[in-house]
Amino acid sequence: MAAEVERNAGPDVRHLKLQGHVGFDSLPDQLVNKSVAQGFCFNILCVGETGLGKSTLMDTLFNTQFESEPAPHSLPNVKLNAKTYALQESNVRLKLTVVDTVGFGDQINKEDSYKSIVEHIDKQFENYLQEELKIKRALHIYHDTRIHACLYFIAPTGHSLKSLDLVTMKKLDSKVNIIPVIAKADTVSKGELHKFKIKIMSELVSNGVQIYQFPTDDETVAELNSTMNGHLPFAVVGSNEEVKVGNKTVRARQYPWGVVQVENESHCDFVKLREMLIRTNMEDLIEQTHARHYELYRRCRLEEMGFMDSDPEGKPTSLQETYEQKRSTHLQQLQQKEDEMRQSFVVRVKEKEAELKMSEKELHEKFDALKKQHTEDKKKMEEKRKMLDEEINLFNKKKLAAQQAQQAAEEAAAHQTIKGKKKYHWL
C-alpha cells in the first residue's frame, strides 16, 4: 500500500491519501483458492426400504456408476454400508461418501430399525469430537465422515406415510438434515402425486418432524430456495439407462406407453433435487451439520462428562476450571476407592488370619486327640502283648510239662516192658 503524508499546521495531525489498491478485497479469492486446493467433503445418507432405487438415484445425481450390489430382503438386522469415492469436476475435487441402509424395513419386527442408523450418525460425531479433543489436532487433514444430508426415500403409495417412516424421521431430525423424496414417482399420476405431497407434509408437521428447510437468508438464492421449499418432498425418478428422444440422448426410463425423462421437470423433480442438494445448498448442509447437529451432540456429550459453562451458582466458569475441578473430584474418588480397598484388604487379611488361626487350633486339637488316641492304643497294645507273652509262657510251661509227662510215661512203659521180659525169662 502506498500513501502520501502531508503535514499541516498541527504537529499531531496528518492526512493520508491512498495512491494504490489496498487488496483485502481478494480475501474471498484466497479462501476459494485454498478450499479448491484442499478439496471438499460431502457425505450423504440414503434411508429407505429395499428396492426403492436409492443406488440408482445416487448414480443419476452424480452422473456416474457407483459400486453397489442388490440387497436381499432376508437380512435379520439393518446394516449400514458406507463407501467413499473421489470425484472431480473441472478443477474441483470432491470426496463423496454414500451410506446406504441395507435391509431397512425388511424385518418382521421393525421397532428397532432406526437404532443402527442413529448409532452410525452418533459414531461419526464421536469420532470427530475425539479428534477435536486431542492435544495435537489434525482437523485440516481429518476425513470428516459426519452425515451432511439424509435423503429419506418414501414409498410411492399415494396414501400416507408408514409408521416406520414417521418414527425413523422423528429419531433422526435432531441429528441430520433430512430431505424427504418420493421414490419411483413415475408410478403415481400427477394428481395423486400432488395430493400425496400435501398429505406427507401435513403428517410431518402434525407429528413434529423437523425436515431440512432450504435457507432464505441469502438474497441471491432466497427466492429460489423459498420456492423449492414449497415443492418438498421431491418426487424423483432415477435411471442408469440412456434413451434417445428426438435428436438427444437423455437419461430416462423406457415404458411401453412412453418415456419418462429424468431431467425433464414436467416428469419429475430430479432437477430440483440436484439443484438444491449439490449446486445451491451443499455448503449450507455442511455448515448446518457442524453448527447445529454436531454442536448439539457435542454439548450433550460434554455435559455428560461434567463440563458446564457455569457453576451451580450461575457464575461463568472456564473449561480449565471445570477440568481442574473434575480432576480434583476424580482424584478424591480414586483416593476414597483406594482407602476403601485398603480397608477392605485389611479386613479380609484379618478375617483370613482368624480363619487360619482357627484352622491351626483345630489342627492342634486334632493332633492332640490323635496323639492321645495313639498313646491309648499303644498302651492297649502293650497290655495285649504282655497278656500274649504270659499266655505264650503258660503254653510253653504246659507244653514242657506235657512233654515231660509223655517222656515219663514212655520211660515207665519201657521199664515195664523190660521187667516183663525178665519175668518171662525166669519162667
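Residues numbered from 1 in each chain as written. Predicted model: local features only at pLDDT ≥ 70, side-chain atom pairs only at ≥ 80, totals over all residues. Heavy atoms only, no water.

Participant: Got a minute to help me understand the sheet that holds strand S11 (residues 258-261) in this structure?
Facilitator: Pairing between the strands of a sheet is mediated by backbone hydrogen bonds and can be parallel or antiparallel. The three strands are arranged S9-S10-S11 in an open sheet whose pairing can be described as antiparallel. At either margin of the open sheet sits one strand with a lone partner, and together these are strand S9 (242-245) and S11. Each strand axis lies, on average, 65° off the axis of its neighbour in the sheet, ignoring direction. Pairing between S9 and strand S10 (residues 248-255): four bridges, direction antiparallel. Considered in S10, the bridge of Lys-244 is made with Thr-249. (Pairing = 2+ DSSP bridges. Helix = DSSP H or I, 4+ residues; strand = E, 2+ residues; numbered from the N terminus. Axes fitted to C-alpha atoms, helices over the stretch in contact; angles between N-to-C directions.)

Participant: Where do I start with the pairing of strand S4 (residues 79-89) in this structure?
Facilitator: Side-chain positions along a regular strand alternate between the two faces of the sheet. Sheet topology note: the S4/strand S5 (residues 92-102) ladder contains 11 bridges and is antiparallel. Bridge assignment links Tyr-85 to a residue of S5, and that residue is Leu-96. Hairpin connection of S4 to S5: two residues between the antiparallel strands, including Ser-90 at a positive phi of 60°.

Participant: What's the story with a negative patch on the surface in this structure? I'm lost.
Facilitator: On the surface, Asp-217, Asp-218, Glu-219, Glu-283 and Glu-287 cluster together into a patch of negative charge. With respect to the element layout, Glu-283 can be found in helix H8 (residues 282-305). (Patch = residues over 30% accessible without salt bridge, like charges linked within 9 Å, V, L, I, M, F, W, Y side chains within 5 Å. Areas by Shrake-Rupley, 256 points an atom, 1.4 Å probe, with all protein chains shown as cover. Salt bridge = Lys/Arg side-chain N within 4 Å of Asp/Glu carboxyl O. Lys, Arg positive; Asp, Glu negative; His and termini not counted. Charge placed at Lys NZ, Arg CZ, Asp CG, Glu CD.)

Participant: Please clarify how the nonpolar core should be interpreted in this entry.
Facilitator: In a soluble, globular protein the nonpolar side chains are often hidden away together inside. With 73 residues, the main nonpolar core has Phe-42, Ile-44, Leu-151, Ile-179, Phe-234, Leu-273 and Leu-277 as its most contacted residues. Ignoring any residue separated from it by four or fewer positions in sequence, one finds Leu-277 in contact with Phe-42, Ile-44, Leu-61, Ala-149, Leu-151, Ile-179, Met-282 and Leu-285. (Core = buried A, V, L, I, M, F, W, Y, C linked by side-chain atoms within 4.5 Å. Buried < 20%, exposed > 50% of the residue type's maximum accessible area, 1.4 Å probe, protein only. Contact = heavy atoms within 4.5 Å.)

Participant: Teacher, can you tell me more about unusual backbone geometry here?
Facilitator: Trans peptide bonds make up most of the peptide bonds, and negative phi angles are found at most residues other than glycine. For the bond from Leu-232 to Pro-233, the omega torsion is -5°, close enough to zero to count as cis. Within the fold, Pro-233 resides in the loop between helix H6 (222-229) and strand S8 (234-235). The phi dihedral of Asn-63 is positive, around 55°, even though this residue is not glycine. Mapped onto the elements of the fold, Asn-63 is located in the loop between helix H2 (54-61) and S4. Its relative accessible area of 57% is what places Asn-63 among the exposed residues. Backbone geometry places Lys-184, a non-glycine residue, at a positive phi of 50°.

Participant: What is the right way to look at the confidence of the model for the protein chain in this model?
Facilitator: As a general rule, the predicted coordinates of low-pLDDT regions are not to be interpreted in detail. With 90% of its residues at a pLDDT of 70 or more, the protein chain has an overall mean of 84. Note on residues 1-9: pLDDT under 50 across the span, and 19 contacts to partners over four residues away in sequence or across chains. (pLDDT = per-residue confidence, 0-100.)

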